[in-house]
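Single-letter residue listing:
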Amino acid sequence: MKQIVIISGKGGTGKTSITASVISLLKNHNLAIIDADVDASNLYILLKPSIEKEFDFYGGLIAYIDKLKCVKCGKCISVCRFDAIDSEYNISNLCEGCKFCYNVCDFEAIEMKNRFSGKWFVSNTSYGKMFHARLEPGEENSGKLVSKIKEAAKEYSLDKKIDYIIVDGPPGIGCPVMASISGTDIAVIVTEPTLSGISDMERVSNVLFTLGIKFFVVINKFDINLENSQKIENICKEKGIEVIGKIPFDENVEKAIALTRPFAESFPDSPASIALKKILEKILEKLN
Amino acid sequence: MIISVASGKGGTGKTTVSTNLSFLIENSLIADCDVEEPNVSIFLKPEISKKEIVTLFYPEVNKELCNTCGKCSEVCAYKAINVFKKSKSVFFMEHLCHSCGACTYFCPQKAIFEVSKRIGIIEYGRYKDVSYAGAVLDEGNIKAPQLIRELKKRIDKTKNIIIDAPPSTSCSMVAAVEDSDFCIMVTEPTLFGLNDLLLAVDVVKKMNIKFGVLINRFRENSDFENILKSKNINIIGKIPFDIDIARMYSRGEILVENPKYRDVFLKIYENLKKLL
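Residues numbered from 1 in each chain as written. Chains lettered and ligands numbered in written order. Predicted model: local features only at pLDDT ≥ 70, side-chain atom pairs only at ≥ 80, totals over all residues. Heavy atoms only, no water.

Chemist: Run through the overall build of chain A, naming residues and quoting values.
Modeler: Secondary structure summary: chain A contains 11 helices and 9 strands in total. Seen through its principal axes, chain A has C-alpha atoms that stretch 70 × 40 × 35 Å. Long-range pairs, those at least 24 residues apart, make up 75% of the contacts in chain A with a sequence separation of at least 6. When the accessible surface of chain A is split by element, carbon and sulfur atoms take 49% of a total near 12000 Å². The positive charge centre, built from 36 side chains, and the negative charge centre, built from 38, are 3 Å apart in chain A. (Helix = DSSP H or I, 4+ residues; strand = E, 2+ residues; numbered from the N terminus. Contact = heavy atoms within 4.5 Å. Areas by Shrake-Rupley, 256 points an atom, 1.4 Å probe, with all protein chains shown as cover. Lys, Arg positive; Asp, Glu negative; His and termini not counted. Charge placed at Lys NZ, Arg CZ, Asp CG, Glu CD.)

What follows is the structure in structure tokens.
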């Protein structure tokens, strides 16, 4: 069982389109699929999972003040560092569940309740089992939710002798990214030849280096700016990162989104699909 | 006045919109709140006049005073501080700590004190008439929402503030858009764009923030606009699909410096003024 995570640093570089196409190209293998972008997930649009099991996710605690017991002494407000308690003793969403107020209250007026942070799903797709989630809008703990579905996917994969776990990662370099890349065999950074794409790729690759994770770079839409693509190759060479392939700009990719299918499936002979096939071959070679 | 620019989906054009609007709005300050992947300075190219290190408090245990009573781990909701009575040791895991201060407060021995540890930096500068403040999260750190809130505390409130928010709909996005007078939500006319836009709209509605949608890479004869209208979503402008814009973006150029695109943004700004 090998795990491949697709990340980017910058959003909108093509992670999800590429992940879905990688999955469709690996159709003849036993796959488990994870959508680790739990607060703006899109992979389901292309893979059309039918939900088999659904679970509530409680990411932490939230304080609740019993107004009948509260004497408004102000002690809780004075210790809360998250400005989560207003002057009327209402708790806002800023509460991080630290229990400081609960522990400090002399009148036992504060209770800690489980905080509902989202749902996670185990679903069936025509490519394999899919593990995905929906974070409640604006909730924290996206990292924990990602860890939760990764755990479930791993357990399933060990049991069912899965060949590959394919993970569609979130943008950025924060909590959910850290949770997505932890324990992976390989990470693939999808970047684009824009100055923002380059800067974001450098930051996320530094994180991967620090964690000692093996990774490669794919330049998507490389022909939109050849000069910047060259710049990416130079930076990667300097840092000892392998650019494992380049994908040309291809209108079929956007057309495939409108058709709600992976582009490698709808347009197998299109330039993007041909390039991706080569990249995937190389990745598998590196993995095995 | 605070205007935030958010999106849900990444790569829809938040930074393009925020940087270009900052040139049109008088007395403006652009605050880069995408602290994980900050890009405003690539476009604005500000001259940096000041840098500050941002820290959070973390507990440190004085071993001579500690009698391993276990009170600290008892009050810690995150299991960040653990006491092993047998080996008389205290083990602290920084990445789990929320810097709430409870362990320090409750330690009967007064053996815990707080030390500052760096999570990132904030830089200040300007380009022409546009002031700039941007926060950069240290690579490997996960305290993005805390850094965003710190940046917002420190910026000059007498300015008209434009906030470049991070993508997604999570706690970082909330930290960036909270307290704004208006949120511009940038989307693209794809199913991905629509899906994430609707999630982000949910968030700003919950927060009671006025908002309008800006459609980027707009193509005539697409029914995207009608879909938004049918959901009663207010459209405040459109930026046409244009390969030259994509090229200028890739080189980190400002669009309003070109008369052809200046008009597009002026129109958006006019619409925005009516709503404020």
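Chemist: So what's going on with the nonpolar core? Which residues, and what values?
Modeler: All names here are of chain B. Counting residues in each nonpolar core, the largest one holds 79 residues, and the members touching the most others are L147, L151, V177, C183, M185, V204 and L228. Sorting elements by how many residues they give to this core places helix α7 (residues 191-206) first, with 6 residues. No fewer than three residues from each of domain 1 (2-55 + 125-275) and domain 2 (63-110) sit in this core. Beyond its immediate chain neighbours, meaning those up to four positions away, V177 contacts S4, A6, K152, A165, C183, V204, M207 and I209. (Core = buried A, V, L, I, M, F, W, Y, C linked by side-chain atoms within 4.5 Å. Buried < 20%, exposed > 50% of the residue type's maximum accessible area, 1.4 Å probe, protein only. Domains from an automatic or database assignment.)

Chemist: So what about the sheet that holds strand β11 (residues 235-240) of chain B? Which residues, and what values?
Modeler: Residues and elements named next belong to chain B. Strand order across the open sheet formed by 9 strands is β3-β6-β7-β2-β8-β1-β9-β10-β11, with mixed pairing between neighbours. Each end of this open sheet is capped by a strand with a single partner; those strands are β3 (47-61) and β11. Neighbour-to-neighbour, the strand axes of this sheet turn through a mean angle of 20°, independent of strand direction. Of the strand pairs in this sheet, strand β6 (residues 112-127) and strand β7 (residues 130-137) are connected by 8 bridges, and their pairing is antiparallel. Bridge pairing in β7 links E123 to G134. Across the sheet, α7 touches β9 (182-187) and β10 (211-218), and the angle it forms with β9 is around 170°. (Pairing = 2+ DSSP bridges. Axes fitted to C-alpha atoms, helices over the stretch in contact; angles between N-to-C directions.)

Chemist: Residue-level account of the environment of B:K45, with values.
Modeler: All names here are of chain B. In this structure, K45 sits in the loop between α2 (40-44) and β3. Placed 186 residues apart in sequence, K45 and K231 show a C-alpha to C-alpha distance of 39 Å. With near-sequence residues (within four places) excluded, K45 lies in contact with Y127 and G252. From its side chain, K45 meets the backbone oxygen of G252 in a polar contact 2.7 Å long. (Polar contact = N/O pair within 3.5 Å; in protein donor to acceptor, adjacent residues only side chain to side chain.)

Chemist: Help me get a handle on the pairing of β9(B), residues and values and all.
Modeler: On a regular strand, one side chain projects to one face of the sheet and the next to the other, so that they alternate. All names here are of chain B. Burial within β9 is extensive, with 6 of its 6 residues counted as buried. Of the two faces of β9, both are covered, the one formed by F182, I184 and V186 as well as the one formed by C183, M185 and T187. Here 4 bridges tie strand β1 (residues 2-6) to β9, and the two strands are oriented parallel to one another. Bridging across to β9, S4 finds its partner in C183. Bridging between β9 and β10 involves 5 bridges; their strand directions are parallel. Bridge pairing in β10 places M185 opposite V213.

Chemist: Before we move on, can you summarise the side chain of A:R115 with the specific residues and values?
Modeler: Residues and elements named next belong to chain A. As for its position among the elements, R115 is in strand β4 (residues 110-125). Here R115 falls in the buried class, since its relative accessible area comes to 6%. A polar contact is formed between the side chain of R115 and the backbone oxygen of C95, at a distance of 2.6 Å. Filtering out sequence-adjacent residues up to four positions away, R115 remains in contact with F57, Y58, G59, G60, L61, I62, N93, C95 and E139.

Chemist: I'd like a description of the side chain of B:E123, backed by residues and values.
Modeler: All names here are of chain B. Along the polypeptide, E123 turns up in strand β6. Of the side chains bearing the opposite charge, K51 lies closest to the buried E123, which forms no salt bridge; the N-O distance is 4.0 Å. Here the side chain of E123 touches Y132 through a polar contact of 2.9 Å, side chain to side chain. Apart from the residues within four sequence positions on either side, E123 is in contact with S41, I48, K50, K51, Y132, A133 and G134. (Salt bridge = Lys/Arg side-chain N within 4 Å of Asp/Glu carboxyl O.)

Chemist: Give a description of the sheet that holds strand β7 (residues 186-191) of chain A that names residues and reports values.
Modeler: All names here are of chain A. Reading across from one edge, β3-β4-β5-β2-β6-β1-β7-β8-β9 is the order of the 9 strands in this open sheet, with mixed pairing throughout. Only two strands of the sheet have a single partner each, and these edge strands are β3 (50-65) and β9 (242-247). Taken pair by pair, the neighbouring strands of this sheet meet at an average axis angle of 20°, ignoring direction. Note that strand β1 (residues 2-7) and β7 share 4 bridges and pair parallel. Paired with I7 across the strands is I189, a residue of β7. Most of the contacts of helix α1 (residues 15-25) go to strand β6 (residues 164-168), to which it runs at about 165°, and overall it touches β1, β2 (31-35), β6, β7, β8 (215-220) and β9. Lying on the sheet, helix α8 (residues 226-239) is in contact with β7, β8 and β9; it crosses β8 at an angle near 170°.

Chemist: Outline the domain arrangement of chain B, listing residues and values.
Modeler: For an interface, size is often stated in terms of accessible area lost upon the parts coming together. Partitioning chain B into structural domains gives domain 1 (2-55 + 125-275) and domain 2 (63-110). When each unit is reduced to the centre of its C-alpha atoms, the spacing between domain 1 of chain B and domain 2 of chain B is 41 Å.

Chemist: A description of the environment of B:L29 should follow, citing residues and the corresponding values.
Modeler: Residues and elements named next belong to chain B. Position of L29 relative to the elements: it lies in strand β2 (residues 28-32). Among the residues examined, L29 registers a relative accessible area of 6% and is labelled buried. In sequence terms L29 and N62 are 33 residues apart; their C-alpha atoms lie 44 Å from each other. With residues near it in sequence (within four places) discarded, L29 still touches S131, A133, I155, D156, K159, N160, I161 and I162.

Chemist: Break down the confidence of the model for chain B for me, citing the residues and quoting the values.
Modeler: In the predicted model, chain B carries a mean pLDDT of 95, and 100% of its residues have values of at least 70. Prediction confidence for the complex, expressed as pTM and ipTM, is 0.95 and 0.93 respectively. (pLDDT = per-residue confidence, 0-100.)

Chemist: Any chance you could break down the packing of aromatic side chains for me, citing the residues and the numbers?
Modeler: In this description, an aromatic ring pair is defined by two values, namely the gap between the centres and the angle between the planes. Scanning the entire structure with this criterion turns up 10 aromatic pairs over all chains. Ring centres of A:F100 and B:F106 lie 5.5 Å apart, and the angle between their planes is 55°; this geometry places the pair in the tilted category. Of the two residues, A:F100 is situated in helix α4 (residues 100-104) and B:F106 in helix α4 (residues 102-106); the pairing between them involves two chains. Of the residues examined, A:F100 reaches a relative accessible area of 4% and is grouped as buried. Judged by its relative accessible area of 16%, B:F106 falls in the buried class. Put simply, the rings of A:F100, B:Y105 and B:F106 pair up and form one aromatic cluster. Here the basic side chain of A:K246 rests over the ring of A:F222, its NZ or CZ set 5.2 Å away from the ring centre. The aromatic ring of B:F218 is capped on one face by B:K238, whose charged end is 4.7 Å from the ring centroid. (Phe/Tyr/Trp six-rings, centres within 6.5 Å; stacked < 30°, edge-to-face > 60°. Lys NZ or Arg CZ within 6 Å of the ring centre and 35° of its normal.)

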